[in-house]
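Summary of structural features
Listed below are the residues making up each chain.
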Amino acid sequence: MTVRTHVIPDVGAKTAVPALEPLLFELARPGRSGRHVVSDDAADIPAAFQRKTPLHLPELTEPQVVRHYTHLAQLNYSVDAGMYPLGSCTMKYNPKVNDRVASLFADLHPRQSYRTTQGVLALAYELEQMLAKITGMDFVSLQPQAGAQSEFTALLVFKAYHAKRGEAATRRRIIVPDSAHGTNPASAAMCGYQVTTVKSDARGNVDLDALKSALGPDVAGFMLTNPNTLGLFEERVREVCDAVHGAGALVYGDGANMNALLGIARPGDLGFDCVHINVHKTFSTPHGAGGPGAGPLCVKAHLRPFLPKPWIVREADGSYHYDTAREDRAPAGLGDSIGTIKQRIGNFGVLVRAYTYMKTLGEDGMLETGRDAILAANYLLALLRDKYDVAYDRTPMHEFVLSAAKQKRQGASALDIGKALLDEGFHSPTVYFPLIVAEAMMIEPTETEPRETLDAFAAAMKRIAERAESDPASVKAAPKYTPLARLDEVTAARKPVLRWQRPV
Ligand SMILES: *Cc1c(COP(=O)(O)O)cnc(C)c1O
C-alpha cells in the first residue's frame, strides 16, 4: 500500500493518510475465498439459504475485505478525527456512551407492541418532557426525522390551526428573513405557501419596519432563527413576535442549533409559538450527507391538537401506550392532528443519543455547554479578526461569520481557504452561507474543542491568510495532501457515479 505522511498541526503528530486503494473488483483473483466453512454437500445447507443464481461478487480473502473497508474509512474526515467547525451545522463530538446506549435498542422493531416496549416509550416520553422544559414549550412531537421535516410539520400544523379558525383560504403567505436557512423558504413552498423575504438591518437583525410592512391578514406565519445564521441574537425578538401575533399570524422558531440558548434563554419565553430542535446538532450525533437526524417539534398548548399522531400517553399507573394504537381498544382517531409524519416515535437511535447526552450533562452541564459554546466562538473570533473581515461586528453567540472578500481580491476565495484548511488537518467551515455575506465563512467551534485546538485552528487560518497575501496561487492549488485534490462537485452532485465501473 502506498502511504503519504501528513502533519496534522493540531496534534503535532504525523498521521498516515492512505492513498486511494485499488478497489475490491480489481484485487479479486479467481478461486480466492474468505469462507471459513466449506462444504460441497448441498444437503448441509438449509434450502432457504441455497442460492439458485450465482452472485457475481469479487473473490477475495477475508483480510483483503477488512482492510479495504478500513482504508476507505481512513480516507474520511470525521469529528472523531479532528475539529469540524461547520457553522449552522454544529458538528460536535458525540460521547461514545451515547452510541453504547443507542445500540441497546438496535433490535427494536418499528411496529413492536407498546406492551413489549414500555422502556422505549418511557424514554421517549421523558425526552419529550426534557425538550419541553429546555425550550419553554408545552408539548413535543419526536416524529420529524430532520430539521427540514420539522419545519414542514410545523407549517402543516400552522395550516391546520388557521383552518380550524376558518382562515385557511386567506392566510397564504409565510415570511422569512433573508438570513434564513434555505430549508425555511423551501418548506413553506412545499406546504403550498407563498414566500415573502424580509431584509436584515445593519446590525444583522430582522428589519422590523420591513417586517411590519410585509405583515397582513394574508400571512400565516413568520419563521425566525435565533440566534440567527449570523450567530447573532435577535435584539428585538419580543417586538418581532408581538408584531407577528398582532397580525394574527404564528411565529415559528428554527432552533436547529440551540447551543447558545441551552439553559440560558427559552424560545417559549421569548414569544415563539413553536420551535424545532435538531437534536443531531445541539445534542450530539454527528450527521452529514442527509442523516441520521431527528428534529423534534416543540409547541405551545394552542398548537398541540394539530401535532402528528400517534402521541405517547402515560397512564396514572405509570404505564405507556400510543393513543391511536392500543391493541385492546378502539383507536382514539386523529381528531385535529395533521396525521403521521414518521412512524411511531421517529428516528429513535438519534433520540436515544440526545437523551443520553442530556442525562449525562444534567441541567447544570447543559448551561455550561451553552456558555462554553459562546465562549469558544468569541475566543476564536478574537484570534481571527485582524486577518479576516467580520461580517457584522457584534458579540456573536455560538458561531460567527467572517468574510473572505479581502482575500478574494488578493486572489484566494472562501472556497480556496476552505480547501487549504484541509491540508492543515481541519475540516472547512461552512462557506458561502448565509447568502447575505459576500465570501462568507461561517465558523462554529462548539463547546467540545479544547483551547489548544482552537489556537491551532486560528494559527492555520492565519497562515492561510498570509499565503493569500503573498502567494494566493498556492491557496488556489490546495489541497495538496489529501487523498484526492479538488473534486468536480457539480458533476458529482448532478451525475453521481455510485458503482464501481471497470476502467476503460
Ligand atoms: C441544519 C439546519 C436546518 C435543516 O436541518 P436538517 O436536519 O439538515 O434538515 C434548518 N435550519 C437551520 C438554521 C439549520 O442549521
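Below: a short report on this structure.

Calculation criteria
Note on numbering: residues in each chain are counted from 1, in written sequence order. Local features in a predicted model are, by the rule used here, given only for residues with pLDDT of at least 70; side-chain atom pairs are given and counted only at 80 or more, and totals for whole chains, interfaces and linings are based on all residues. Hydrogen atoms and water are omitted, and side-chain values are computed over all heavy atoms in the structure. Only DSSP runs of H or I with at least four residues qualify as helices, and only runs of E with at least two residues qualify as strands; both kinds are numbered from the N terminus onward. Residues are treated as being in contact if the distance between any of their heavy atoms lies within 4.5 Å. Using the Shrake-Rupley algorithm and a 1.4 Å probe, accessible areas are obtained, with residue cover drawn only from the displayed protein chains. When charges are counted, Lys and Arg contribute as positive and Asp and Glu as negative, whereas His and the chain ends are disregarded. Where a charge lies is defined by one atom per residue type, namely NZ (Lys), CZ (Arg), CG (Asp) and CD (Glu). The term nonpolar core refers to a set of buried residues drawn from Ala, Val, Leu, Ile, Met, Phe, Trp, Tyr and Cys, joined through side-chain atoms within 4.5 Å. Here the term buried applies to any residue with accessible area under 20% of the maximum for its type, exposed to any over 50%, and partly exposed to those in between, with areas from a 1.4 Å probe on protein chains only. DSSP bridges decide pairing: two strands pair if at least two such bridges lie between them. Only the contacting stretch of a helix is used when fitting its axis, a line to C-alpha atoms as for every element, and angles between N-to-C directions run 0 to 180 degrees. Contacts described as polar in this section are N or O atom pairs within 3.5 Å, which, within protein, must combine one atom able to donate a hydrogen with one able to accept it, while residues neighboring in sequence count only if both atoms come from side chains. Near residues are defined by distance, with any heavy atom within 4 Å of the molecule or strand qualifying the residue. Stacked, tilted and edge-to-face are the three classes assigned to paired rings of Phe, Tyr and Trp, where Trp is represented by its six-membered ring and a pair needs centres within 6.5 Å; plane angles under 30 degrees give stacked, over 60 edge-to-face, the rest tilted.

Focus on the overall build of the chain
Assigned secondary structure in the chain consists of 16 helices and 15 strands. Seen along its three principal axes, the alpha-carbon backbone of the chain occupies a region of about 75 × 70 × 45 Å. For the chain, contacts bridging at least 24 residues in sequence account for 72% of all contacts bridging at least 6. Accessible area for the chain stands at about 24,200 Å²; split by element, carbon and sulfur atoms hold 55% of it. When the 56 basic and 56 acidic side-chain charges of the chain are each reduced to a single mean position, those positions are 4 Å apart.

Thoughts on the nonpolar core
Leu 131, Leu 211, Phe 222, Phe 283 and Ile 345 are the most contacted members of the largest nonpolar core, which has 57 residues in total. Elements supplying a minimum of two residues to this core: α4 (118-135), α7 (208-214), β6 (219-225), α8 (237-246), β8 (274-277), β11 (320-322) and α11 (348-384). Non-local contacts of Phe 283, meaning those with residues more than four positions away in its chain, are made with Leu 131, Leu 262, Ile 277, Asn 278, Arg 353, Ala 354, Tyr 357, Met 358 and Met 366.

Structural notes on the sheet that holds β6
Strand pairing in a sheet relies on backbone hydrogen bonds, with the paired strands running either antiparallel or parallel. With respect to topology, seven strands assemble into an open sheet ordered β3-β9-β8-β7-β6-β4-β5, the strand pairing being mixed. Because the sheet does not close on itself, it has two edges, and the strands there are β3 (139-141) and β5 (194-198). If you compare each strand with its neighbour and ignore which way they point, the axes differ by 25° on average. The pairing of strand β7 (residues 250-255) with β8 spans four bridges and is classified as parallel. Note that in β8 the partner of Gly 255 across the bridge is Ile 277. On top of the sheet, helix α5 (residues 147-164) reaches β4 (173-177), β6, β7, β8 and β9 (297-299); it is set at about 170° to β7, its chief contact.

Considering the side chain of Arg 171
For Arg 171, the position within the fold is in the loop between α5 and β4. Judged by its relative accessible area of 8%, Arg 171 is buried. For Arg 171, the side chain forms a polar contact with the side chain of Glu 167, separated by 2.7 Å. Here Ala 247 takes part through its backbone oxygen, which lies 3.0 Å from a polar atom of the side chain of Arg 171. If we skip the residues at most four places from it in the chain, Arg 171 touches His 162, Tyr 193, Gly 216, Pro 217, Asp 218, Val 219, Ala 220, Ala 247, Gly 248 and Ala 249.

Considerations on the sheet that holds strand β12 (residues 389-390)
Taken in spatial order, the four strands of this open sheet run β12-β13-β15-β14, and their pairing is antiparallel. The sheet terminates laterally at β12 and β14 (430-431), the two strands that pair on one side only.

With respect to the site of the ligand
Inspection of the region around the ligand gives 13 residues, with Ser 88, Gly 147, Ala 148, Asp 254 and Lys 281 positioned closest. Between the ligand and the protein, one listed contact pairs a nitrogen atom with a side-chain N or O atom of Asp 254 at 2.6 Å. In this structure, an oxygen atom belonging to the ligand sits 2.9 Å away from a side-chain N or O atom of His 280. For the ligand, whose free accessible area comes to 380 Å², the fraction covered by protein is 87%.

Side note on the pairing of strand β15 (residues 440-443)
Successive side chains on a regular strand alternate, one facing one side of the sheet and the next facing the other. Taking every second residue as pointing to the same face, both faces of β15 are buried, with Ala 440 and Met 442 on one and Met 441 and Ile 443 on the other. Pairing of strand β13 (residues 400-403) with β15, which is carried by four bridges, proceeds in the antiparallel orientation. Residue Phe 400 lies in a different strand from β15, and its bridge partner there is Ile 443.

Some details on the packing of aromatic side chains
Counted under the stated rule, the structure contains six aromatic pairs. Ring geometry for Phe 283 versus Tyr 357: centroids 6.1 Å apart, planes at 65°, classification edge-to-face. Of the two residues, Phe 283 is situated in the loop between α10 (279-282) and β9 and Tyr 357 in helix α11; the sequence distance between them amounts to 74 residues. Summarising the burial analysis for this pair, Phe 283 and Tyr 357 share the class buried. Between Phe 426 and Phe 457, the ring centres sit 5.3 Å apart and the planes meet at 85°, which makes this aromatic pair edge-to-face.

So, the environment of Pro 305
By the element assignment, Pro 305 lies in the loop between β9 and β10 (312-314). A residue is classified by how much of its surface remains accessible, and Pro 305, at 32% relative accessible area, is partly exposed. When the C-alpha positions of Pro 305 and Glu 449 are compared, they lie 41 Å apart, and in sequence the two are 144 residues distant. Setting aside residues no more than four positions away along its own chain, Pro 305 makes contact with Trp 311, Asp 336 and Ser 337.

Focus: the pairing of β4
Counting buried positions along β4 yields five of five residues, so the element is predominantly enclosed. Where burial is concerned, the two faces of β4 agree: the one with Arg 173, Ile 175 and Pro 177 and the one with Ile 174 and Val 176 are both buried. With five bridges connecting them, β4 and β5 associate as parallel partners. Pairing of Val 176 across the sheet is with Thr 197, part of β5. Relative to β6, β4 runs parallel, the two sharing three bridges. Residue pairing for β6: Arg 173 is matched across the bridge by Val 219.

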